[in-house]
Number of protein chains: 2
Amino acid sequence: MNVDPSRSISNEAQPAYLQIKNFVLNKIQSGEWQEGHLIPTELALCEQFSVSRMTVNRALRELSNDGLLVRIKGSGTYVAQPKYQSTLIEIRSIAQDIRERGHTHRSQVISMNRLKATAKQAKAYAIPTGATLFHSVIVHLENQIPIQYEDRLVDASMAPDYLEQDWSHTTPNEYLTRVAPLPKGFYTIEVQIPNAEIARALQMKANEPCLVLNRTTYSGGHFTSFARMWHPGDRYKFAGRT
Amino acid sequence: MNVDPSRSISNEAQPAYLQIKNFVLNKIQSGEWQEGHLIPTELALCEQFSVSRMTVNRALRELSNDGLLVRIKGSGTYVAQPKYQSTLIEIRSIAQDIRERGHTHRSQVISMNRLKATAKQAKAYAIPTGATLFHSVIVHLENQIPIQYEDRLVDASMAPDYLEQDWSHTTPNEYLTRVAPLPKGFYTIEVQIPNAEIARALQMKANEPCLVLNRTTYSGGHFTSFARMWHPGDRYKFAGRT
DNA sequence: TAGTGGTCTAGACCACAGC
DNA sequence: CTGTGGTCTAGACCACTAT
């Protein structure tokens, strides 16, 4: 059955929906189908590949979910704008990152306490003024060298037993993703000069810049945590592949 | 037909596969199904929701693709590790970013020339020694204020007419995603002190740190470009939502 | 009105896991 | 061996677009 000459890309062991995905991908990658191009209809691809419509539909739907195609009901399927002008990068959990490098991760709790949300905080995080917040400051070390100063605010109603955790075996990030799964939120990455306390905790010289990741997270639409993570600029970088 | 009490999440206007996705999502988000939990089989969910297997399959497959479930043929479907301990962030095209803020973007070409790959470059990018490379240095301005110094190396075989582009109407990033679509590659984000030339081009004081994004891209497995993008640390940050 | 994609059905065969 | 997920079929009805 697999003798259609248009199925040139794939070895025949691949499922049909993948062969169709690769067929379309190659058309786009080769430039033959540019942005805005109207690609064949589902029924046309059914005939071309001798498969049923559900199979073609799955291939095109997945490409559409990946942002490569735009499908318009009643109209047709088009090659999407290359929104791939943007770079998707992944900021991983610091402890996990360190362990995957084969290094040892250790945490140092600098402070850990309870406070009431100020009016400003309440407004920023959409919580009631006076709501209980936990505040933690933890330094993370890779092979005994400090690489992150984590200053974090946690909504007590989302993580009531935050103060009782054993931070030598878990990190705030790991704990919070367990009690408040599927976090969403905002982030910024910036350069900042740390104050004396942070510089000392990170064993940095005075006036050396830090790479700072700020992250506000919500779980199920409710504020969970705001974290400010300081990294020594001279020995830390975010890295990954896309 | 939609009277199953277990379908409590969704308004009845939603497609069945979405109702099933939301049902599973709620179980995970509420913590009822923790990491490693074996969830009901496809056939069980077929009965529970009175739908066919393909519909349940689509719901679970999409959640699996999103990394929320792990499906093991012959065994069952499990709640995945919360790899959501990582933050996915998006570094957008600088020109697009500026325009979406309602500001004006302008480019200043500092230099643009042709050179031959050194042995070191050849090794780093998996191209032949002596291969033709283009080198461009462009400063991007937002409302006439410089915010990015882009130092870029481009493989001439992937973009032969790179030198002839009109950089007042397009950016290297936009041009390259057109001629070499679907880029993949590596990146790092770090803090660096710029040299005198870069500091001058970005109108920065001496010894002020920069936020630097390095990015190597490949299209279709072939090296396309290496870019080093310098941003003034005191007035630029990466921001977004996840 | 004809064509398109969005969704769904009620079956089917297969590869694989675990007993 | 039974039960699981992976894939696929040949239909179907619907909402929407374009003419």
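Refer to the structure printed above.
Starting afresh in each chain, residues are numbered from 1 along the sequence in its written order. Think of it this way: whatever chain is written first is A, whatever ligand is written first is 1, and the rest follow in order. In keeping with the model being predicted, local features are shown solely for residues with a pLDDT of at least 70 and side-chain atom pairs are shown and tallied solely at 80 or more, while totals for entire chains, interfaces and linings include all residues. Side-chain metrics in this entry use all non-hydrogen atoms of the structure; hydrogen atoms and water are not considered.

Quick question: what am I supposed to make of helix α3 (residues 53-65) of chain A here?
Residue pairs three or four apart in sequence face the same way in an α-helix, which turns once every 3.6 residues. Per the convention used, a helix needs a DSSP run of H or I reaching at least four residues, while a strand needs a run of E reaching at least two, with both numbered from the N terminus. The span one expects for a helix is its residue count, reduced by one, times 1.5 Å. Across its 13 residues, α3(A) extends 18 Å between first and last C-alpha, which sits within 8% of the 18 Å expected from 1.5 Å per residue. Using a 1.4 Å probe on the protein chains alone, a residue whose accessible area is under 20% of its type maximum counts as buried, one over 50% counts as exposed, and one in between counts as partly exposed. Restricting attention to buried positions, one finds in α3(A) the residues Val56(A), Asn57(A), Arg58(A), Ala59(A), Leu60(A), Arg61(A), Glu62(A) and Leu63(A). Lining the buried residues of α3(A) we find α1 (16-29), β1 (38-39), α2 (42-49), β2 (69-72) and β3 (76-79) of chain A together with α3 (53-65) of chain B. Where α3(A) ends, the next residue or the one after it, Gly67(A), has phi of about 85°, a positive value. When checking whether two residues touch, look at their non-hydrogen atoms; a contact exists if any pair is within 4.5 Å.

Whenever I open this one, the protein's contact with DNA strand D confuses me. Can you help?
Taken together, 25 residues surround DNA strand D, and among them Ala16(A), Ser52(A), Thr55(A), Arg53(B) and Met54(B) come closest. In this text, near means that some heavy atom of the residue lies within 4 Å of the molecule or strand in question. In DNA strand D, atoms within 4 Å of the protein come 56% from sugar and phosphate. Pairs of N or O atoms within 3.5 Å make up the polar contacts considered here, provided that, within protein, one atom can donate a hydrogen while the other can accept it, and that residues adjacent in sequence are counted only when both atoms are side-chain atoms. In this structure, a base nitrogen belonging to DNA strand D sits 2.7 Å away from a side-chain N or O atom of Arg53(B). Contributing elements (two or more residues each) for the surface near DNA strand D: α1 and α3 of chain A together with α3, β2 (69-72) and β3 (76-79) of chain B. Residue type decides the class: Asp, Glu, Lys and Arg count as charged, Ala, Val, Leu, Ile, Met, Phe, Trp, Tyr, Cys and Pro as nonpolar, and the leftover types, Gly among them, as polar. Residues belonging to the surface near DNA strand D are distributed by class as follows: seven nonpolar, eleven polar and seven charged.

Can you walk me through the layout of surface pockets in this structure?
Where empty space is left becomes clear once a probe the size of a water molecule has been rolled over the atoms. Buriedness for pockets is judged along seven lines, at least five of which must meet protein on both sides within 12 Å for an open set on the 1 Å grid over protein atoms alone, while cavities are sets there where a 1.4 Å probe fits but cannot get out, and lining residues have an atom within 4 Å of a point. Grid points are joined across faces, edges and corners, and a volume is the space filled by probe spheres set on the points. In this structure, the largest pocket spans a volume of roughly 1,800 Å³. Asn65(A), Asp66(A), Leu88(A), Asp66(B) and Leu88(B) are the residues nearest the centre of the largest pocket, which is lined by 47 residues in total. Sorting the residues of the lining of the largest pocket by element identifies α1, α3, β4 (87-91) and β8 (184-192) of chain A together with α1 (16-29), α3, β4 (87-91) and β11 (238-241) of chain B as the ones contributing at least two each. Here the residues of the lining of the largest pocket are counted per class, giving 18 nonpolar, ten polar and 19 charged.

Please explain α1(B) as it appears in this structure.
Residues and elements named next belong to chain B. In this model, α1 (14 residues) spans 20 Å end to end at C-alpha, consistent with the 20 Å of a helix rising 1.5 Å per residue. Within the span of α1, buried status applies to Tyr17, Gln19, Ile20, Lys21, Phe23, Val24, Lys27 and Ile28. Residues of α1 that are buried in the fold lie against α2 (42-49), α3, β2 and β3. One or two positions beyond α1, positive phi appears at Gly31, with a value near 90°.

What should I look at first to understand the relation of the copies chain B and chain A in this one?
Both copies of the chain are related by a screw-like operation: a rotation about an axis and a shift along it. In this comparison the copies share one frame, found by least squares on the C-alpha atoms of residues holding pLDDT of at least 70 in both. Mapping chain B onto chain A is achieved by rotating through 180° and translating by 0.0 Å along the same axis, at an RMSD of 0.0 Å. Such a turn and shift between the copies fits a two-fold axis. Of the C-alpha atoms belonging to chain B, the one lying closest to the rotation axis is found on Ile89(B), 2.6 Å away. Both copies present the same face, since 100% of the interface residues in chain B are matched by interface residues at the equivalent positions in chain A.

Would you take a moment to explain the protein's contact with DNA strand C for this structure?
Lining the immediate surroundings of DNA strand C are 24 residues, of which Arg53(A), Met54(A), Ala16(B), Ser52(B) and Thr55(B) lie closest. Protein-adjacent atoms of DNA strand C, using a 4 Å cutoff, are sugar or phosphate at a proportion of 58%. Of all the secondary-structure elements, those providing two or more residues to the surface near DNA strand C are α3, β2 and β3 of chain A together with α1 and α3 of chain B. With four residues, α3(B) is the largest single contributor of residues to the surface near DNA strand C. Each residue belonging to the surface near DNA strand C can be placed in one class, and the counts come to seven nonpolar, ten polar and seven charged.

Keep in mind these numbers describe shape, not what the thing actually does.
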